[in-house]
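In case you want the letters, here they are:
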Amino acid sequence: MSGTEVITGTIANPARLDKALADATDLSRVRIQSLINDGKVAIGGASVTSTRYKASAGDTFAITIPPVSQPEAKAQDIPLEVVFEDDYLIVINKPAGMVVHPAAGNPDGTLVNALLHHCKGALSGIGGVARPGIVHRIDKDTSGLLVVAKSDAAHEGLARQFADHSIERRYLALCNGHPRPSKGRIEAKIGRSDTNRKKMAVLQPDAARGKRAVTHFSTIKTLDGCALIECRLETGRTHQVRVHCASIGHALLGDPVYGRTPAKLRPILKDLGFARQALHAASLGFEHPVTGEVLRFEAELPDDMRELIDQTAR
C-alpha cells in the first residue's frame, strides 16, 4: 500500500480550475474533477470544491492524491450477464433488484462487487473506491444495459459522450393507460422534489435549479389498461423516464414512488409477484472510447415484463 501523495505547483495561465490543473499536472481533467469534488484540492492553502472556480496565473495549488488501497467495495462472486467485454470496457445486462454500487444500506451484493470479482479489480479508478468503473447508473429495480469502464481512458471517453448526449439509450416500459397522442416529446426540467428529497420532480421552466430533460416516447403495443412504450433519452437525468411518464399522466406500472397501479391491474401484478417499476434499458449505443468503433447492444425484455405483457394482452 503506497502513502498519500501531494502534488504542488503554480498555475501558469488563468482558466477554470479543472482545466488549469490538468494543464499544470499529468492528471486527467476527469480525475481532477473527482479530486476537487472530494475536497482534495487547495488553492493558496484554502480548499476548493467547485470545478468552475476561476484560477488565476500565479495561484499556488496542492492536490492530495489518496493512497492506493484495497477498495471499500469487496470482490464477490456474483453471476453476471456479460454482453460485451474487452480490455477497456464491459457491458452488462443488469437484472432488476441489483444495486449498481455500494452505498448506505447496500454495502455489498452490488454490481460493483460482482465486477471486482469478474474483472479481477481491473476497473477505472476515476469513480473512487466505492464506484470503480461506474460511468452511469440505472435504478436498482430497473433492468437492462449498462456500460462500465475498465480503464481511465475508457472512463473519460464514455463520460464525454454522456455529457454531450451522444450515447444512444432506448428503454422499454409498461405505463398506466394509453398515451394520447401515441407518441411525442416530453421536455420538462427535472430536479429534487420540494416535499421529498428522495424523489425527483418536474420543475417550472424558469426554476433556478434542476436540469433540462428530454424524452421521446412512442407506443409499441396497446394492452388492457396499460401500454408497452419505447422511450428514447435525449438527456439522462435521475429517474427521467419515470418522472416524465408520470408527468403526462402515464406513470409506469409497479412504480412505488411516482405512480399508483390502477385497481384493475393490481391483482395481476400481485399474482405475478411483480414489485418494481416496469422499466428496461433495452438498447445502448456509443463510440468505443479507445478504438473508435461504433458499438450498439440490445437486451431482450426480462421474463417478468414479458409475463406482465401476456397477462394484460387484449
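Model, not experiment: these values are computed from the prediction.

**A look at the environment of valine 148**
- Summarising the element assignment, valine 148 is placed in strand β9 (residues 143–149).
- Considered as a pair, valine 148 and glycine 133 are 15 residues apart in the sequence and their alpha carbons are 5.2 Å apart.
- Ignoring anything within four residues of it in the chain, the contact list for valine 148 reads Leu89, Ile90, Leu115, Leu123, Pro132, Gly133 and Ile134.

**Remarks on the packing of aromatic side chains**
- Counted under the stated rule, the structure contains two aromatic pairs.
- Ring geometry for phenylalanine 84 and phenylalanine 297: centres 5.4 Å apart, planes at 40°, overall tilted. Of this pair, phenylalanine 84 sits in strand β7 (residues 82–85) while phenylalanine 297 sits in strand β17 (residues 294–298), and the two are 213 residues apart along the sequence.
- With a centroid separation of 6.1 Å and 45° between ring planes, the pair formed by phenylalanine 286 and phenylalanine 297 is classed as tilted. With a gap of 11 residues between them, phenylalanine 286 in strand β16 (residues 279–287) and phenylalanine 297 in strand β17 connect regions that are remote in the sequence. Judged on exposure class, the residue phenylalanine 286 and its partner phenylalanine 297 are both buried.
- Taken together, the ring pairs in this structure connect Phe84, Phe286 and Phe297 into an aromatic cluster.

**As for a positive patch on the surface**
- On the surface, a cluster of positive charge is contributed by Arg131, Arg137, Arg192 and Arg197.
- On the secondary structure map, arginine 197 appears in the loop between β12 (190–192) and β13 (200–202).
- The exposure class assigned to arginine 197 is exposed, which follows from its relative accessible area of 55%.

**Concerning the side chain of serine 151**
- Along the chain, serine 151 turns up in the loop between β9 and α4 (152–163).
- A distance of 3.1 Å separates a polar side-chain atom of serine 151 from the backbone nitrogen of alanine 154.
- For serine 151, the contacting residues outside a window of four places in its chain are Tyr88 and Ser124.

**Regarding the sheet that holds strand β6 (residues 60–65)**
- Spatially, β1-β6-β3-β4 is the arrangement adopted by the four strands of the open sheet, whose pairing is antiparallel. Because the sheet does not close on itself, it has two edges, and the strands there are β1 (5–10) and β4 (46–47).
- For strand β3 (residues 41–43) and β4, the ladder comprises two bridges, and the chain directions are antiparallel. Following the sheet pairing, isoleucine 43 is matched in β4 by alanine 46.
- Sheet strands touched by helix α2 (residues 29–37): β3 and β6. Its angle to β6, the strand with the most contacts, is close to 90°.

**Here's the deal with the environment of alanine 159**
- Along the chain, the position of alanine 159 falls in helix α4.
- Sequence separation of alanine 159 and glutamate 293 is 134 residues, and the distance between their C-alpha atoms is 16 Å.

**Brief notes about helix α5 (residues 240–247)**
- The buried fraction of α5 amounts to six of the eight residues, a majority that puts the element mostly inside the structure.
- Listed as buried for α5 are Gln240, Val241, Arg242, Val243, His244 and Cys245.
- Phi for glycine 249, located one or two positions after α5, is positive at around 85°.

**A word on the packing of helix α1 (residues 17–24) against α2**
- Taken N-terminus to C-terminus, the directions of α1 and α2 make an angle of 125°; their axes are 9 Å apart at the nearest point. As summarised for this structure, α1 and α2 are arranged oblique, according to the angle between their axes. Regarding α1 and α2, the two cross each other, and that crossing is right-handed. In this structure, α1 uses Leu17, Asp18, Lys19, Leu21 and Ala22 to contact α2, whose residues at the interface are Arg29, Ile32, Gln33 and Ile36.
- Each residue belonging to the contact of α1 with α2 can be placed in one class, and the counts come to five nonpolar, one polar and three charged.

About the cut-offs
- Position numbers for residues start from 1 in each chain and track the written sequence from start to end.
- In keeping with the model being predicted, local features are shown solely for residues with a pLDDT of at least 70 and side-chain atom pairs are shown and tallied solely at 80 or more, while totals for entire chains, interfaces and linings include all residues.
- Each side-chain value is derived from all of the structure's non-hydrogen atoms; neither hydrogens nor water enter the calculation.
- Per the convention used, a helix needs a DSSP run of H or I reaching at least four residues, while a strand needs a run of E reaching at least two, with both numbered from the N terminus.
- Contact criterion: two residues are considered in contact whenever any of their non-hydrogen atoms come within 4.5 Å of each other.
- Two rings belonging to Phe, Tyr or Trp (six-membered ring only in the last case) form a pair when the distance between their centres is within 6.5 Å. Interplanar angles under 30 degrees mark stacking, angles over 60 mark edge-to-face geometry, and anything in between is tilted.
- Note on classification: 1.4 Å probe, protein chains only; a residue is buried when its accessible area is under 20% of the maximum for its type, exposed when over 50%, partly exposed between these limits.
- Patch membership is restricted to residues that have no salt bridge and whose relative accessible area is over 30%. Joining uses 9 Å for like charges and 5 Å for the nonpolar side chains Val, Leu, Ile, Met, Phe, Trp and Tyr.
- Each accessible area value is a Shrake-Rupley result obtained with a 1.4 Å probe; residue values ignore everything except the protein chains displayed when judging cover.
- Salt bridge, as used here, is a side-chain nitrogen of Lys or Arg placed within 4 Å of a carboxyl oxygen of Asp or Glu.
- In this charge count, Lys and Arg are treated as positive and Asp and Glu as negative; neither His nor the chain ends contribute.
- Every charge is mapped to an atom, namely NZ of Lys, CZ of Arg, CG of Asp or CD of Glu.
- Polar contact is defined as a pair of N or O atoms within 3.5 Å, subject to the rule that within protein one atom must be able to donate a hydrogen and the other to accept it, and that residues adjacent in sequence are counted only when both atoms are side-chain atoms.
- Pairs of strands are assigned from DSSP output, requiring at least two bridges between the strands.
- Only the stretch in contact is used when fitting a helix axis, every axis being a line fitted to C-alpha atoms; angles between N-to-C directions are given from 0 to 180 degrees.
- Note that the term roughly parallel is reserved for angles under 35 degrees, roughly antiparallel for angles over 145, roughly perpendicular for angles of 65 to 115, and oblique for everything else.
- Working rule for handedness: look at the near helix, and if it is turned counterclockwise from the far one by less than a right angle, call the crossing left-handed; if clockwise, right-handed.
- Charged means Asp, Glu, Lys or Arg here, nonpolar means Ala, Val, Leu, Ile, Met, Phe, Trp, Tyr, Cys or Pro, and polar covers whatever is left, Gly included.

Interpretation note: all reported values are geometric properties and have no functional meaning in isolation.
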